[in-house]
Amino acid sequence: MEQLLRVQNFNVSGDGYGAGVGQSLERPFGHADPGAMFSWAGATASWPMRTDPGGSRGLDDYLTRDYARNIGAEIMGRNKFGPQRGPWQDHEWQGWWGDEPPFRTPVFVMTHHTRPSFTLSDTTFHFVDDEPVKVLARAREAAEGKDVRLGGGAATIREFLDAGLVDTLHVAVSPVELGAGSRLWESPDELDDRFHHEVVPSPGGRVTHHLFWRR
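None of the values given here were measured: they were computed from a predicted structure.

Cut-offs used in this document
Residues numbered from 1 in each chain as written. Predicted model: local features only at pLDDT ≥ 70, side-chain atom pairs only at ≥ 80, totals over all residues. Heavy atoms only, no water. Helix = DSSP H or I, 4+ residues; strand = E, 2+ residues; numbered from the N terminus. Salt bridge = Lys/Arg side-chain N within 4 Å of Asp/Glu carboxyl O. Buried < 20%, exposed > 50% of the residue type's maximum accessible area, 1.4 Å probe, protein only. Pairing = 2+ DSSP bridges. Core = buried A, V, L, I, M, F, W, Y, C linked by side-chain atoms within 4.5 Å. Contact = heavy atoms within 4.5 Å.

A. The arrangement of the environment of Gly151 in detail. For Gly151, the position within the fold is in strand 7 (residues 147–152). C-alpha separation for the pair Gly151 and Ala41, spaced 110 residues apart in sequence, amounts to 16 Å.

B. Summary view of the pattern of salt bridges. Per the counting criterion, the structure on display carries 13 salt bridges. A salt bridge links Lys80 to Glu74, with the shortest nitrogen-to-oxygen separation between them at 2.9 Å. Using a relative accessible area of 0% as the deciding quantity, one classes Glu74 as buried. Taking the shortest distance from any N to any O, the salt bridge between Asp193 and Arg194 comes out at 3.6 Å. Judged by its relative accessible area of 28%, Arg194 is partly exposed. Linked by salt bridges that have partners in common, Arg6, Asp66, Arg69 and Asp147 make up one network.

C. Geometry of the pairing of strand 3 (residues 71–77). Counting buried positions along strand 3 yields seven of seven residues, so the element is predominantly enclosed. Sheet topology note: the strand 3/strand 7 ladder contains five bridges and is parallel. Residue pairing for strand 7: Ile75 is matched across the bridge by Leu150. Inspection of the sheet shows strand 3 paired to strand 4 (residues 106–110) by four bridges, in the parallel sense. Across the sheet, Ile75 pairs through a bridge with Phe108, a residue of strand 4.

D. Representation of the nonpolar core in the model. Among the nonpolar cores identified, the biggest contains 29 residues, and Ile75, Phe160, Val166 and Leu169 are the most heavily contacted of them. Secondary structure elements with two or more residues in this core: strand 1 (5–12), strand 3, strand 4, helix 5 (132–143), strand 7, helix 6 (154–162) and strand 8 (168–173). Discounting residues that sit within four places of it in the chain, Leu169 has contacts with Val7, Leu161, Leu191, Phe195, His210, Leu211 and Phe212. Trp88, Val107, Phe118 and Phe127 belong to the second-largest nonpolar core, a separate cluster that totals eleven residues.

E. Expanded view of the pairing of strand 10 (residues 195–201). Examined bridge by bridge, strand 10 and strand 11 (residues 208–214) share seven bridges and lie antiparallel to one another. Within strand 11, the position partnered with Pro201 by the bridge is Thr208. Linkage of strand 10 to strand 11, two consecutive antiparallel strands, is achieved through a turn of six residues, within which Gly205 is found at a positive phi near 75 degrees.

F. The side chain of Thr105, seen in detail. Along the chain, Thr105 turns up in the loop between helix 4 (78–81) and strand 4. Among the residues examined, Thr105 registers a relative accessible area of 8% and is labelled buried. Ignoring sequence-local partners within four residues, the contact set of Thr105 consists of Ile71, Gly72, Ala73, Glu74, Asp122, Thr123 and Thr124.

Shown next as structure tokens:
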């Protein structure tokens, strides 16, 4: 069975930004409000950080549950791992997610400044300085036959799109405007020459889901 490279549950604003400006340790999404961007997933019954019973079912819940289905490895850009730039000053800091990151697979962090791999719970982070096709080859080997998730941010997804490596995308477009930041697209229609494209409004009206699969 073919191993797919999947973009899964990636959120952008109505004007196409996946994160705002001014990213910091305290504000991983810069000036963007993650509560507004991700409210559709947080309202579902399957939201992994839900502490109370209930939550919505239906399409939003299905897509939230689908996030981890058949995923054997993840690729992300350095900005998704943390706010630092340039050479690593502190190897003690190990990402936004604490002692139990949500990935539970090997994760390949793309960066021009490599550092030793480390493991937290059942997630191992590898830091790689290579072109997308070679990073994908490593991730596919590590995934042991399962799919590879391309986690973001927007610049990293564009890099893999421009290299023709992405097989499927699910992008949730939130009804907020950021005006600046890390941009995935000016319009989702710009991918229509390479992908089939379905647009499905969220039943709760929180987002519009854009589903793409390679032509």
